[in-house]
Amino acid sequence: MTEMVIRPLVAGEESLFDSMPDPLPQLRQVGYADGIAGGGYRPERTWVALRAGRVVGRAAWLLPPGAAGAPWLERFDLDAEPEVGAALLRAAHEALGGPGSYYAALPPHWRGRPDVLAVVEAPMAAARLAGLAERGERLRYSWTGTPPAAPSGRYTFRPAAGAAEIDALVARIAEPDLLTGAEIARAVAGVDPATDPLAWWTGPIGRWRVALDAGEPVGLAGTAGDACYPLIAYLGVLDGAARGDLLADAVRVLAAGGAAEVIADVDAHRAEASADLERRGFRQVRARVLFEPAAVPR
């Protein structure tokens, strides 16, 4: 049997990572070379498995410059048995101080696509063999100009009065429907934007919109027009019927500011929120499955 070599990259051989064909080219994600140039990827946090000199497994941990958290596994591709991938991850975990989070990026509706399952089953099995367990899934949606459904006319909207009003509404909203980039906020800054969104989204307060029913606040949406993409950072409601109209209002504000695309993330189990996104012209463009270190048996 051909000997397997598992090791990190060294400076100057970053092109070795890209010598492995991208198994999911339809996914929109930051290229490895761009990540190296930006400082988020580093050779010593990038590991490969080589069989007869060919890359059959690759794993890259990401940590943006200045981030306070620990690196997370952002890219993990495997053209070999799950045991090879597990050996790759175990070796890297030992060198990097232990296992951490793994965000597996996947095409939309991946569970119902045999062609995608044929690609992702091996790395996901390898992650489980290496001691990681699935902890949730988030879906990314994109709006690109499709006219949203007409508002019901029941609600009115205005900018938030200030940080105090935002904090008060967040405290009343048990669980927001949309949180875009929440996993990055937690990993990079240790901030939970579900409970303290202003600690992460520090832009103008005027970007926050309040939905009103007969003058009473029933929902809150935070927009960001100058992040990686124009996006709905936060959306939560006290009256579920207000969700769709608040979503449409947030898109209108971003579009009026010049946005040709709007991004929104939702937990996969939030079926009603996903349905409202689709009714307002959004389409799913990515799924992201979170793996975390499994609990140590007692």
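A few points on the structure. (Residues numbered from 1 in each chain as written. Predicted model: local features only at pLDDT ≥ 70, side-chain atom pairs only at ≥ 80, totals over all residues. Heavy atoms only, no water.)

So, about the environment of E3. Structurally, E3 is set in the segment before β1 (4–8). Residues E3 and A52, 49 residues apart in the sequence, show an inter-C-alpha distance of 7.1 Å. (Helix = DSSP H or I, 4+ residues; strand = E, 2+ residues; numbered from the N terminus.)

Attention shifts here to helix α3 (residues 82–96). Taking 1.5 Å per residue as the helical rise, α3 with its 15 residues ought to reach 21 Å, and the 21 Å between its terminal C-alpha atoms agrees with that figure. Those residues of α3 that are buried are in contact with β1, β2 (46–51), β3 (54–62), β4 (72–78) and α4 (114–129). A positive phi of about 95 degrees marks G97, the residue just after α3. (Expected span 1.5 Å × (residues − 1). Contact = heavy atoms within 4.5 Å.)

With that settled, the discussion passes to helix α8 (residues 271–279). Taken together, the buried positions of α8 are occupied by A273, S274, D276 and L277. Buried positions in α8, seen along its axis, are confined to an arc of 160 degrees and lie on one side of it. More than 90 degrees from the buried face of α8, the exposed residues found are A271, E272 and R279. Looking at the buried positions of α8, the neighbouring elements they touch are β6 (132–143), β8 (178–179), α7 (243–256) and β12 (262–267). Of the residues trailing α8, G281 is marked for its positive phi of about 90 degrees. (Buried < 20%, exposed > 50% of the residue type's maximum accessible area, 1.4 Å probe, protein only. Arc of directions from axis to C-beta.)

With that out of the way, let us pick up the nonpolar core. With 56 residues, the main nonpolar core has I232 and F282 as its most contacted residues. Per-element accounting of this core gives the leading share, 6 residues, to α4. Apart from the residues lying within four places of it in its own chain, the contact partners of F282 are Y141, S142, W143, I232, L247, V251, V262, A264 and L277. Of all hydrophobic cores here, the second largest spans 19 residues; its members include L212, A224, L231 and A233. (Core = buried A, V, L, I, M, F, W, Y, C linked by side-chain atoms within 4.5 Å.)

Attention now moves to the pattern of salt bridges. Tallied over the entire structure, the rule returns 29 salt bridges. D79 is the partner of R54 in a salt bridge, and the nearest nitrogen-oxygen pair spans 3.2 Å. Residue R54 is located in strand β3, and its partner D79 is located in the loop between β4 and α3; the two are separated by 25 residues in the primary sequence. Of the residues examined, R54 reaches a relative accessible area of 44% and is grouped as partly exposed. (Salt bridge = Lys/Arg side-chain N within 4 Å of Asp/Glu carboxyl O.)

A word on the packing of aromatic side chains. Under the defined criterion, the tally for this structure stands at 7 aromatic pairs. Measuring from ring centre to ring centre gives 6.4 Å for W200 and W201, while their planes differ by 75 degrees; the resulting arrangement is edge-to-face. Relative accessible area serves as the criterion here: at 25%, W200 is assigned to the partly exposed category. The buried category is assigned to W201, whose relative accessible area is 17%. Grouped by ring-pair contacts, the aromatic residues F17, Y32 and Y41 constitute a single cluster. We note R58 situated over the ring of F17; from NZ or CZ to the ring centre the distance is 4.5 Å. (Phe/Tyr/Trp six-rings, centres within 6.5 Å; stacked < 30°, edge-to-face > 60°. Lys NZ or Arg CZ within 6 Å of the ring centre and 35° of its normal.)

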